[in-house]
Amino acid sequence: MTPKSYSLIIFLILFWFYCLYWGFRSQKKITTPVDYFILNRDLPSWMYILIATGTIFSGWIFFIQPSLIFFNGIPYSMTSLAVIGIPLIGILFSKRQWMLSKRYGFITPSEMIGTYFKSDVMRILIVIVAIGFAIPFIAVQLSLGGIAFSVLTNNMADTGSGSVLIGLIVVTYLSLGGIRAISYIDTILFLFLIFGIITIGFITLDLVGGWDLLTESLSRISNIKKNIFNTELGYSAYLSVPGSVKLSRVLDNTLTYNGVWTTTMIFSFVFALTGIQMSPNFSMLTFSSREVSSFGTQQIWFSGFLVGFILIFFTLLIGAGSILLGGNEIINASGNNISKILPESIFPNEILSLVPNLINVIGEYSPLLFGVLVICSFAAIQSTSYFYLSSSAIVNRDILKRFFVKNMNNTTQIFFSRIFIGIFFIFSLILSLQPIEAILNLGSFSLAIACQMLIPLIAICYVPWLTKNGVAFGIVVGILAVILTDGIGQTLFGDLIKWNKWPLTIHSSLWGVIFNTLAAVSISFITQDSREAAYKQKFHDFIGEYKSTSIFRRSLKPSAWIVTTAWLFFALGPGMIVGNNIFGKPGNIETWSFGIPSLWVWQIISWALGITLVWFLAIKMEMSTTPDKKIQAQTDDIGSRT
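Residues numbered from 1 in each chain as written. Predicted model: local features only at pLDDT ≥ 70, side-chain atom pairs only at ≥ 80, totals over all residues. Heavy atoms only, no water.

Student: I would appreciate a short explanation of the overall build of the protein in the present structure.
Tutor: Summing up its helical and strand segments, the protein has 26 helices and 0 strands in all. Against the compact-globule benchmark of 26 Å for 642 residues, the protein has a radius of gyration of 24 Å, which places it among compact chains. By principal-axis analysis of the C-alpha atoms, the protein measures approximately 70 × 55 × 50 Å. Counting all 642 residues of the protein, 64% fall into the buried class. Nonlocal contacts in the protein, meaning residues at least 24 apart in sequence, comprise 81% of its contacts between residues at least 6 apart. Taken as a whole, the protein presents about 23000 Å² of accessible surface, with 66% of it coming from carbon and sulfur. Side-chain charges in the protein split into 39 positive and 29 negative, and the spacing between the mean points of these groups amounts to 10 Å. (Helix = DSSP H or I, 4+ residues; strand = E, 2+ residues; numbered from the N terminus. Rg over C-alpha atoms; globule rule 2.2 N^0.38 Å. Buried < 20%, exposed > 50% of the residue type's maximum accessible area, 1.4 Å probe, protein only. Contact = heavy atoms within 4.5 Å. Areas by Shrake-Rupley, 256 points an atom, 1.4 Å probe, with all protein chains shown as cover. Lys, Arg positive; Asp, Glu negative; His and termini not counted. Charge placed at Lys NZ, Arg CZ, Asp CG, Glu CD.)

This is the structure we're talking about:
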């Protein structure tokens, strides 16, 4: 075997031994379901911050984001501003969900929403949303792991074998130790994730030949007259946003299609990514935090600043730089490539193998660094392991215990949760064995389903007027709209659907929420009930009693609305088009004011202003700060009372 092969085997054995060690060690400390699922609501702030950030960004920023930048160019990289969009959603809902969970003893969001609406139908719908998000999302991670494993072993192992191996490791330590194991493992995984992206970014820049050659080559690429693969757009769209709403036309329905990245597409895709934060699965991690103050730190400094810095500089560098390294046949044919280090087959149907192929290149020169980056790649995939655990908790408590085995004791709850973790792994594994286009569709679908939680969360956190009938009907309508406007609808219904996925370049997540909102409001208007309203009001009275009511905060409300709307308009909305040319013409490097494409500069400015916005809302508006009054926590298990 080669030194590279020895390095891969040794580093993976050490890494997975560490993971399994903490699984077996944590098993001895598990006593109750509350401990197993949410660590008795006592997860230290620093652990919550690292685990939450890793769980949100995970394999997306390590594998998918650079691959799609490679495929679509800098307009797609504007979706990196999700590092601001996701915290904005967290600011709206995390603190209030945490307060309700602590006060009333909720362990799962379906318990919380089912109790709030006094509705088992709502409870079941939230479970459906949780599963509809988690299984496809986990399948995407397993698929990424399988692709990476196959490429890194020089195709000695197939993708299915890699997915099975990674999944079995995760399922073993997770089912044994629950969130206790995650607290020791995922904190380290996050550090590997960050190190890996930064290192691969610097290596890509070195392979390209330096900054000057990179920028000069990018300016030439924007002048290529051929279409960007499978769309009507030319390569001028590689460095500039092609407009707002468009009728997206696919050149060949049998080939990969990834969208036309207009401002509406970018905005709605960023909204889709916030579905990770809104999902019932992530809400359980919010419940586990010891204190609220960790939310603001995570939102401002880790999501907004740290991950934003990495995405806007290093991930973009990996994606845009790699197009010059031989992986794009159109660039190669035009003579604008710098080398042919990467396989030409990456473009267009193997784009998710981009980062593993870059790591493979490193293995030829430095087996030691190769071994470390192998760990980084699998760390990114395993960072979403909490979704296995939270999904099992939701199904266990809100379906099995609620309707079938009502007298389930603590030991039996934990046992069945371990069974469900295995079941979810099997279903996700089956889905993961799909072509790349199907995998990307799965990821898109899972995010869109999770976004349908927006209306239930608005109801429980802000708007008691929304009724259980209205919210329930809205979720059903929203899910149907998602199916009909995403790739899964194209697969299921074929020619019966006359539009492409993401009609009018609007992601299915936003289509779902639009119809969800219309349905929820319409039905709520005609199903108002005074007894239901009086019962729900006690939850809102509790939130009102503990939220800040200072005159200073109230005086800032108009400013908060104005600056948030302005940022969304110019950073993610139609105002983004200004960024195409304000700092230079895309195809003429001599006009670039800062030596990089104008849209990239616009993204950096939007990111910096976005961090300020998140800080203003989280801290100054006190939306992610500790309540002034101490909350009297509910200590017994709500599952035993309802």
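Still more ground to cover, so stick around.
Student: What is the right way to look at the packing of helix 15 (residues 354-363) against helix 16 (residues 367-382) in this model?
Tutor: Helices that pack against each other are described as a pair by the angle of their axes relative to one another and the distance between those axes. Between helix 15 and helix 16, the shortest axis-to-axis distance is 8 Å and the interhelical angle comes to 160°. Our classification of the angle between helix 15 and helix 16 gives roughly antiparallel. Helix-helix and strand crossings are classified by hand; for helix 15 and helix 16 the assignment is left-handed. In this structure, helix 15 contributes Ile359, Asn360, Ile362 and Gly363 to the contact, and helix 16 contributes Pro367, Leu369, Phe370, Leu373 and Ser377. The class makeup of the residues in the contact of helix 15 with helix 16 is 6 nonpolar, 3 polar and no charged. (Axes fitted to C-alpha atoms, helices over the stretch in contact; angles between N-to-C directions. Parallel < 35°, antiparallel > 145°, perpendicular 65-115°, else oblique. Left-handed = near helix turned anticlockwise from the far one by under 90°. Nonpolar A, V, L, I, M, F, W, Y, C, P; charged D, E, K, R; others polar.)

Student: Looking at this model, I keep getting lost on a nonpolar patch on the surface. Mind explaining?
Tutor: A surface patch of nonpolar side chains, amounting to about 430 Å² of accessible area, comprises Ile124, Ile128, Phe403, Phe404 and Val405. Secondary structure elements with two or more residues in the nonpolar patch: helix 7 (120-152) and helix 17 (386-404). The topology assignment puts Val405 in the loop between helix 17 and helix 18 (410-432). (Patch = residues over 30% accessible without salt bridge, like charges linked within 9 Å, V, L, I, M, F, W, Y side chains within 5 Å. Salt bridge = Lys/Arg side-chain N within 4 Å of Asp/Glu carboxyl O.)

Student: Even after reading the chapter, I still don't get the environment of Gly610, so can you show me in this structure?
Tutor: Structurally, Gly610 can be placed in helix 26 (residues 598-620). Owing to a relative accessible area of 0%, Gly610 belongs among the buried residues under this scheme. Counting along the chain gives 230 residues from Gly610 to Ala380, while the straight-line C-alpha distance between them is 25 Å. With sequence-adjacent residues up to four places away left out, Gly610 is seen in contact with Ile84 and Trp567.

Student: How should I be thinking about helix 6 (residues 109-117) in this particular structure?
Tutor: Residues that lie three or four places apart on an α-helix share one face, since the helix turns once every 3.6 residues. Among the 9 residues in helix 6, 9 count as buried, and that is most of the element. For helix 6, the full list of buried residues reads Pro109, Ser110, Glu111, Met112, Ile113, Gly114, Thr115, Tyr116 and Phe117. Immediately downstream of helix 6, the backbone of Lys118 shows phi near 50°, a positive value.

Student: Can you walk me through the packing of aromatic side chains in this structure?
Tutor: Counted under the stated rule, the structure contains 41 aromatic pairs. Through pairs of rings, three or more aromatic residues link up here, namely Tyr104, Phe106, Tyr116, Phe117, Tyr535, Phe539 and Phe542. Against the face of Tyr535 rests Lys118, its NZ or CZ located 4.7 Å from the ring centre. (Phe/Tyr/Trp six-rings, centres within 6.5 Å; stacked < 30°, edge-to-face > 60°. Lys NZ or Arg CZ within 6 Å of the ring centre and 35° of its normal.)

Student: Where do I start with helix 19 (residues 436-450) in this structure?
Tutor: The terminal C-alpha atoms of helix 19, which comprises 15 residues, lie 21 Å apart, in line with the 21 Å expected from a rise of 1.5 Å per residue. With 13 of its 15 residues buried, helix 19 lies for the most part within the structure. (Expected span 1.5 Å × (residues − 1).)

Student: Would you explain the environment of Ile475 in this entry?
Tutor: Residue placement: Ile475 occurs in helix 21 (residues 468-485). Assessed through its relative accessible area of 0%, Ile475 is described here as buried. Each C-alpha atom of the pair Ile475 and Pro456 lies 8.4 Å from the other, and the pair is 19 residues apart in sequence. Setting aside its immediate chain neighbours within four residues, Ile475 contacts Met122, Leu125, Ile126, Val129, Gln452, Pro456 and Asn516.

Student: Quick question: what am I supposed to make of unusual backbone geometry here?
Tutor: Comment: phi is negative for the bulk of residues other than glycine, and the bulk of peptide bonds are trans. Note the cis peptide between Phe347 and Pro348, where omega equals 5°. In this fold, Pro348 is placed in the loop between helix 14 (329-334) and helix 15. Of note, the phi angle at Trp502 is positive, near 60°, even though the residue is not glycine. Mapped onto the elements, Trp502 comes out in the loop between helix 22 (487-493) and helix 23 (508-526). One non-glycine residue, Glu622, adopts positive backbone phi at about 60°. A residue is classified by how much of its surface remains accessible, and Glu622, at 22% relative accessible area, is partly exposed.

Student: Help me understand the pattern of salt bridges in this model?
Tutor: Two side chains bearing opposite charge may form a pair once their charged atoms approach each other closely. In this structure the tally under the stated criterion is 10 salt bridges. The salt bridge partner of Glu111 is Arg397, with a shortest N-O separation of 2.8 Å. Here Glu111, found in helix 6, pairs with Arg397, found in helix 17; they are 286 residues apart in sequence, far enough to count as distant. Under the relative-accessibility criterion, Arg397 is labelled buried at 3%. Measuring nitrogen to oxygen at the nearest pair gives 3.2 Å for the salt bridge that ties Lys536 to Glu532. In this pair, Lys536 and Glu532 both sit in helix 24 (residues 530-546), 4 residues apart, roughly one turn of the helix. By relative accessible area, Lys536 is classed as buried at 2%. In this structure Glu532 comes out as buried when scored by relative accessible area, which is 12%. Taken together, the shared-partner salt bridges connect Asp120, Arg123, Asp398 and Arg402 into one network.

Student: Help me out: how do you make sense of the environment of Ser508 in this one?
Tutor: By the secondary structure assignment, Ser508 is in helix 23. The exposure class of Ser508 is buried, given its relative accessible area of 0%. Here Ser508 is in contact with Ser444, Ala448, Val482, Thr485, Asp486 and Trp502, once residues within four sequence places are set aside.

Student: Is there a simple way to explain the state of the cysteines in this structure?
Tutor: By definition, a disulfide links the sulfur atoms of two cysteine residues through a covalent bond. According to the stated counting rule, one finds 0 disulfides in the structure shown. Of all cysteine sulfurs in the structure, the one in Cys461 sits closest to Cys451, which takes part in no disulfide; the separation is 16 Å. (Disulfide = S-S within 2.5 Å.)

Student: What is the right way to read the side chain of Thr53 from this model?
Tutor: Structurally, the position occupied by Thr53 is in helix 3 (residues 45-72). For Thr53, a relative accessible area of 0% corresponds to the buried category. There is a polar contact of 3.2 Å between the side chain of Thr53 and the side chain of Gln298. With near-sequence residues (within four places) excluded, Thr53 lies in contact with Phe190, Gln298, Phe302 and Val307. (Polar contact = N/O pair within 3.5 Å; in protein donor to acceptor, adjacent residues only side chain to side chain.)

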